[in-house]
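Structure at a glance
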Amino acid sequence: MPLLSLLLACTTPKSEDLPAPLLVPAPVWMEDGEGSYTLDGDTIIHADADSRAVADLLAEALRPATGLPLEVALDSAAEGGLRLELDPSLDLPAEGYTLDVFEDSVVIAARDTAGLFYGTQTFRQLLPPEAWSGTAVEGTAWSVPVVSIEDSPRFAWRGAMIDVARHFFGVEEMERQIDLLAMHKLNRLHLHLTDDQGWRIEILSWPLLAEVGGSTQVGGGEGGYYTQGDYVALVDYAAERHITVVPEIDFPGHAHAALASYGELNESGTPVDLYTGEGVISTPLWLEGPATAGFVADVLGEVAALTPGEWIHVGGDEAVGVAPEDYAAFLVEMQAVVSAEGKTLAGWDEIGVVPLAPPFLAQHWFDEANARDAVTRGGQLVASPAEHAYLDMEHDTAADYGQIWAGRVNVQDAYDWDPVPAGLDEADVVGLEGAMWAEFIDSRERLDFMLWPRLAAHAEVGWSASEAREWEDFRTRLGSHGARLDVLDVGYYQSRQVDWVHP
Ligand code: ACM
């Protein structure tokens, strides 16, 4: 060591030691060291052209609370500050990253931009919880502990479904939830866009679907729908945060709102009345109707054209009153339409009985035999078993509302399960998804209350290796994570299973 450096090392006060970070989801490997790194007015985020978007998002996220300029500079080789290194030759899994905090710099490296983005999400959790504030916070040192992390997800599909059909949630609220999903390294947003009580996406070739079918919701409120521009804006906002939107158009059941919009979709020739009740009626399409096949192809064609993601979810659940052979023929036809659009079909587990051609995804919610059938036919599973993953279920007897047909789903129920059913292989399962049905969820407060913190538990089930997961450890980390959710003004359910730490 040159003499000057030696002298400086001896005279520079050592940075403060900070407690080991409590991260959600837990990283695969972490080793903490001594000392800390502190963001200040001179801190620069170094990036290159390909990592620029991730660097900009990080700077934009941190500026409001810290009040620091956090300039983004395109000079990835520079020393000091925060450095984002995108290197496709790195020996890391997809979406993985390394994060090294030294006393004088921070380096986040990944082989893809998703990995870099997740590295920045972890970095944000290393900071004090106040860093998540959207307004200026005074008197806080923006320090992170010296630490070394290597991390990557267990599953490629880490999702949340939000039912915007029973009650409509607009673009602003959905963008807020997308930010929360991204914070937890979730990467799929499944939008349940159509159901008996509402049609929520504009279809230019069938405009009354949105105008009539989107005009109300459960309870008779005014409903709403995404214009195609709104939908594209949501898809883009999600994509910037490495979240793929999976649109669901639920056929052949749950189609009442469509039948209320167009007479020609009904055998009587007359539209049915709009339905605003809470219960599932699952009105089926009139499958042999002369307009129906063209209608389905038009809708799926427009939705596919607006959707850059690989998957179109066609529902397929609870097709009551549809003969099994008609159901199978319809699903096979749906798959042909979706494939012609260059997309992969996804559906609820009932599609497992249909002779579909792989690749396809079956979302297991109710009947594991259906899910196993789907795997036998070459499909892969998205695991959403209601007793662990249905977010409309009541948390516990102390919660004020929620369904109970699949039992109560407290945080530990959302955490203590494995997405791979006994006897199936890891390769049969692409991942998991928490599903938020919205018959009773009509406000931001209720949405927050049902989604959080259970989605944080799902995020860890989806991300962290199963042998590394342990409820008591998660419970402790989640308690601290509550402070971040508090700062973000998330109205999460303060389950008594967790000792919450508030800022
Ligand atoms: C469902 O809950 N009907 C998929």
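That block above? That's the structure.
Below, the structure is looked at part by part. It should be emphasised that the depicted structure is a prediction, and the values quoted were computed from it without experimental measurement.

**Here's the deal with the side chain of S143**
- Within the fold, S143 resides in strand 7 (residues 143-151).
- Judged by its relative accessible area of 12%, S143 is buried.
- Looking at S143, its side chain comes within polar contact range of the side chain of T38, at 2.8 Å.
- Setting aside residues no more than four positions away along its own chain, S143 makes contact with L18, Y37, T38, L126, L127 and P128.

**So, the side chain of H364**
- Mapped onto the fold, H364 is located in strand 15 (residues 360-364).
- In contact with H364, other than residues within four places in its own chain, are D349, A371, V382, A383, S384 and P385.

**What about the packing of helix 14 (residues 454-463) against helix 15 (residues 471-487)?**
- Where helix 14 contacts helix 15, the two axes come as close as 11 Å, and the packing angle between them is 130 degrees. Looking at the two axes, helix 14 sits oblique to helix 15. Considering the relative orientation of helix 14 and helix 15, their crossing is right-handed. Residue-level contacts link A456, A457 and E460 of helix 14 to F474, R477 and L478 of helix 15.

**Details of the nonpolar core**
- Residues L39, F123, W199, F251 and F295 are the most contacted members of the largest nonpolar core, which totals 152 residues.
- Counting residues in each nonpolar core, the second largest holds 7 residues, with W157, W311, A346 and V382 among its members.

**Side note on the layout of surface pockets**
- Reported here for the largest pocket is a volume of approximately 530 Å³.
- Lining the largest pocket are 25 residues, with A61, R124, W132, D179 and L488 sitting closest to its centre.
- Going through the elements one at a time, helix 2 (52-66), helix 3 (113-126) and helix 4 (171-183) are the ones with two or more residues in the lining of the largest pocket.
- Here the residues of the lining of the largest pocket sort into 14 nonpolar, 4 polar and 7 charged.
- Its volume calculated, the second largest pocket comes out at about 330 Å³.
- Along the walls of the second largest pocket sit 18 residues, with L126, L127, P128, P129 and R484 positioned nearest its centre.
- When contributions to the lining of the second largest pocket are tallied by element, the ones reaching two or more residues are helix 3, strand 7 and helix 15.

**Notes on the pattern of salt bridges**
- Here the structure, examined in full by the defined rule, presents 19 salt bridges.
- The salt bridge involving E85 is made with R83; its shortest N-O contact spans 2.8 Å.
- Classification of E85 as partly exposed rests on a relative accessible area of 31%.
- R83 gets classed as buried once you look at its relative accessible area, which sits at 13%.
- We note a salt bridge from R475 to D499, for which the minimum N-O separation is 3.2 Å. Of this pair, R475 sits in helix 15 while D499 sits in the segment after helix 15, and the two are 24 residues apart along the sequence.
- Overall, D499 belongs to the exposed group, its relative accessible area being 54%.
- Taken together, the shared-partner salt bridges connect D163, R166, D195 and E439 into one network.

**Focus: helix 13 (residues 444-451)**
- Three or more residues of helix 13 are buried, namely L447, D448, F449, M450 and L451.
- Where helix 13 is buried, its residues touch strand 8 (157-163), helix 4, strand 17 (429-436) and helix 14.

**Observations concerning the sheet that holds strand 16 (residues 380-383)**
- With respect to topology, 8 strands assemble into a closed barrel ordered 8-9-12-13-14-15-16-17, the strand pairing being parallel. Strand-to-strand, the axes of this sheet are offset by a mean angle of 30 degrees, without reference to chain direction.
- One ladder, built from 3 bridges, connects strand 16 with strand 17; its direction is parallel. Bridged to V382 within strand 17 is G431.

**Considering the sheet that holds strand 1 (residues 29-38)**
- The 7 strands lie next to each other as 1-7-5-6-4-2-3, forming an open sheet whose pairing is mixed. The outermost strands of the open sheet, each flanked by one partner alone, are strand 1 and strand 3 (71-74). On average, each strand axis in the sheet is inclined to that of its neighbour by 20 degrees, with strand direction left out of account.
- Here strand 2 (residues 44-47) runs beside strand 4 (residues 81-86); their pairing, made up of 2 bridges, is parallel. Paired with H46 across the strands is R83, a residue of strand 4.
- Helix 2 contacts strand 2, strand 3 and strand 4 of the sheet and is inclined by roughly 165 degrees relative to strand 3.
- The sheet contacts of helix 3 involve strand 4, strand 5 (97-101), strand 6 (105-110) and strand 7, and relative to strand 5 the element is tilted by about 35 degrees.

**Focus: a negative patch on the surface**
- Judged by side-chain charge, E267, E288, E325 and D326 come together as a negatively charged surface patch.
- Its location among the elements puts E288 in the loop between helix 7 (256-259) and helix 8 (292-306).
- Assessed through its relative accessible area of 61%, E288 is described here as exposed.

**Quick notes on the environment of A77**
- Residue placement: A77 occurs in the loop between strand 3 and strand 4.
- By relative accessible area, which is 68% here, A77 ends up exposed.
- Sequence spacing of A77 and D48 is 29 residues, and the spatial spacing of their C-alpha atoms is 9.0 Å.

About the thresholds
- Residues numbered from 1 in each chain as written.
- Predicted model: local features only at pLDDT ≥ 70, side-chain atom pairs only at ≥ 80, totals over all residues.
- Heavy atoms only, no water.
- Helix = DSSP H or I, 4+ residues; strand = E, 2+ residues; numbered from the N terminus.
- Buried < 20%, exposed > 50% of the residue type's maximum accessible area, 1.4 Å probe, protein only.
- Polar contact = N/O pair within 3.5 Å; in protein donor to acceptor, adjacent residues only side chain to side chain.
- Contact = heavy atoms within 4.5 Å.
- Axes fitted to C-alpha atoms, helices over the stretch in contact; angles between N-to-C directions.
- Parallel < 35°, antiparallel > 145°, perpendicular 65-115°, else oblique.
- Left-handed = near helix turned anticlockwise from the far one by under 90°.
- Core = buried A, V, L, I, M, F, W, Y, C linked by side-chain atoms within 4.5 Å.
- 1 Å grid on protein atoms, 1.4 Å probe; cavity = no way out; pocket = protein on both sides within 12 Å on 5 of 7 lines; lining within 4 Å.
- Points joined across faces, edges and corners; volume = space filled by probe spheres on them.
- Nonpolar A, V, L, I, M, F, W, Y, C, P; charged D, E, K, R; others polar.
- Salt bridge = Lys/Arg side-chain N within 4 Å of Asp/Glu carboxyl O.
- Pairing = 2+ DSSP bridges.
- Patch = residues over 30% accessible without salt bridge, like charges linked within 9 Å, V, L, I, M, F, W, Y side chains within 5 Å.
- Areas by Shrake-Rupley, 256 points an atom, 1.4 Å probe, with all protein chains shown as cover.
- Lys, Arg positive; Asp, Glu negative; His and termini not counted.
- Charge placed at Lys NZ, Arg CZ, Asp CG, Glu CD.

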